[in-house]
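Chain residues, written in single-letter form:
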Amino acid sequence: MELVRPHNLSEFKGKKEIKDNVSVYIKSSLKNNTTLDHCLFYGLAGTGKTTLALIIANELNQKIKIVQGGNIQKPTDIINIVLSLHEKDVLFIDEIHAINPQVVELLYSITEDFAIDINLGKDFNSKLTRVKIPHFTLVGATTNLGKIPRAFEERFGIIIYFGPYSKEEILEIINFYCKKYKIEISDKDKDLIAANSKGIPRIANKIIRRVKDFKSIDDKVSIKTILKRLGIIKNGINELDLKYLESLNEFNSPVGIKTISHAIMIDENTIEQKIEPYLIQLKYINKTSKGRCLTDNGKNFLAKI
């Protein structure tokens, strides 16, 4: 099934303050015939950073080039990318924190002066030459703002945080995707999907696409059954989350992440980036100086399932 995304700001649901501000920046850029300031989007995965980057390009009526930060490891990588850009293009770098730190230094002059300093020749015959490049808008997205050097962060004129969406915002998104995928379900079913989406649009979209799959085979299958088939237990908690919670419950005392990682055989990065944020949001776990531990809310959740 083709992944459907909003194409303009009017279709981007939720995050009204972000939309309103971005709309002003875009209108100002168009009115003054200037390049939009560089943008840095940070926050949870699946909260609309890539979608908003695509929308910005659409609203500016400019082309967008999409690159993964992890693929930019040599100076020639970023040089080849920026030399392929045209005036006022949008360059979107996802997981921008994964760029090699040495390459990041090249981006200082690229983003500020729209120029690249290149050494031509070898040894004593080498000469530093400044090559001008087209003015463009860099949009960077990251799930780990702390890994971005302060000097690089300061090059971005627009910095936006993407946190979890409210239930009302998720319902807006669910209604949008139900219409796009031509799915008819009750408001009660939509509420159930929203309650199990962890406040993340990507998860809501994924559930709705699976609902379409199941409903196309058996129109009478319930949303509750579909969620169970998808491994979603309650309140968005999935089998991976449950495995983590049960492990903490068995230790019955604060425990370090390395111990948890070995116990449930899941890497530390997945635990920190994908499992823990939502469990902390639900107040099911605490992260203390002594380690991770279950809260009373977490214990009550496990007792009821």
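Here we summarise the structure given alongside this text. (Residues numbered from 1 in each chain as written. Predicted model: local features only at pLDDT ≥ 70, side-chain atom pairs only at ≥ 80, totals over all residues. Heavy atoms only, no water.)

Some remarks on the pattern of salt bridges
No. 1: Applying the stated criterion across every chain yields a total of 11 salt bridges.
No. 2: Between arginine 130 and aspartate 113 there is a salt bridge, and its shortest N-O distance comes to 3.7 Å. In this pair, arginine 130 is assigned in strand β5 (residues 127-132) and aspartate 113 in helix α4 (residues 101-113), connecting sequence segments 17 residues apart.
No. 3: Of the residues examined, arginine 130 reaches a relative accessible area of 43% and is grouped as partly exposed.
No. 4: Its salt-bridge partner being lysine 287, residue glutamate 276 comes within 3.7 Å of it at the nearest N-O pair. Remark: lysine 287 occurs in strand β10 (residues 285-288) and glutamate 276 occurs in helix α12 (residues 268-281); sequence separation between them is 11 residues.
No. 5: Because the salt bridges share partners, they merge into one network encompassing Glu272, Glu276, Lys287 and Arg292. (Salt bridge = Lys/Arg side-chain N within 4 Å of Asp/Glu carboxyl O. Helix = DSSP H or I, 4+ residues; strand = E, 2+ residues; numbered from the N terminus. Buried < 20%, exposed > 50% of the residue type's maximum accessible area, 1.4 Å probe, protein only.)

What about unusual backbone geometry?
No. 1: The phi torsion at lysine 15 lies on the positive side, around 50 degrees, for a residue other than glycine.
No. 2: Note on placement: lysine 15 falls in the segment before α1 (16-32).
No. 3: Even without being glycine, asparagine 235 reaches a positive phi, approximately 55 degrees.
No. 4: Here asparagine 235 lies in the loop between β8 (232-234) and β9 (237-238).

Regarding the pairing of strand β7 (residues 158-162)
No. 1: Because side chains alternate across β7, one face comprises the buried residues Ile158, Ile160 and Phe162, and the other comprises Ile159 and Tyr161, none of which is buried.
No. 2: In terms of strand pairing, strand β1 (residues 39-43) meets β7 through five bridges, oriented parallel. When the sheet's bridge partners are listed, glycine 43 is paired in β7 with phenylalanine 162. (Pairing = 2+ DSSP bridges.)

Comments concerning the packing of helix α11 (residues 257-264) against α12
No. 1: Remark: α11 packs on α12, axes separated minimally by 9 Å, with the N-to-C direction vectors making an angle of 100 degrees. Comparing the axis directions of α11 and α12 gives the class roughly perpendicular. Here Ile257, Lys258, Ile260, Ser261 and Ile264 of α11 come into contact with α12, specifically with Glu268, Ile271 and Glu272.
No. 2: Partitioning the contact of α11 with α12 into residue classes produces four nonpolar, one polar and three charged. (Axes fitted to C-alpha atoms, helices over the stretch in contact; angles between N-to-C directions. Parallel < 35°, antiparallel > 145°, perpendicular 65-115°, else oblique. Contact = heavy atoms within 4.5 Å. Nonpolar A, V, L, I, M, F, W, Y, C, P; charged D, E, K, R; others polar.)

Looking at the sheet that holds strand β6 (residues 137-142)
No. 1: Ordered in space as β2-β3-β6-β1-β7, the five strands form an open sheet in which the pairing is parallel. With partners counted over all chains shown, the strands left at the sheet margins are β2 (64-68) and β7, one partner each. Between one strand axis and the next, the sheet turns by 15 degrees as a mean value, whatever way the strands run.

What about the environment of isoleucine 18?
No. 1: With respect to the secondary-structure elements, isoleucine 18 resides in helix α1.
No. 2: On a C-alpha basis, the gap between isoleucine 18 and isoleucine 160 in space is 7.5 Å, while along the polypeptide they are 142 residues apart.
No. 3: Residues within four places of isoleucine 18 in sequence aside, it is in contact with Leu52, Ile160, Tyr161 and Phe162.

Observations concerning the pairing of β1
No. 1: With four of its five residues buried, β1 lies for the most part within the structure.
No. 2: In this structure, β1 lies alongside β6, joined through four bridges in parallel fashion. By the bridge assignment for β6, phenylalanine 41 is matched with alanine 141.

Thoughts on the packing of aromatic side chains
No. 1: A full pass over the atoms with the stated rule returns eight aromatic pairs.
No. 2: Measuring from centroid to centroid gives 5.0 Å for phenylalanine 176 and tyrosine 177, while their planes differ by 75 degrees, and the two rings are edge-to-face. Grouping residues by exposure puts phenylalanine 176 and tyrosine 177 together as buried.
No. 3: Judged by centre distance (5.9 Å) and plane angle (15 degrees), the ring pair of tyrosine 177 and tyrosine 181 falls under stacked. (Phe/Tyr/Trp six-rings, centres within 6.5 Å; stacked < 30°, edge-to-face > 60°.)

Notes on the packing of helix α10 (residues 239-251) against α12
No. 1: Put simply, α10 and α12 touch, their axes get as near as 10 Å, and they point 85 degrees apart. Taken together, the axes of α10 and α12 are roughly perpendicular relative to one another. Packed against α10, whose contacting residues are Leu240, Asp241, Tyr244 and Leu245, the element α12 presents Thr270, Ile271, Ile275, Glu276 and Leu279 at the interface.
No. 2: Class assignment of the residues belonging to the contact of α10 with α12 gives a composition of six nonpolar, one polar and two charged.

Interpretation note: all reported values are geometric properties and have no functional meaning in isolation.
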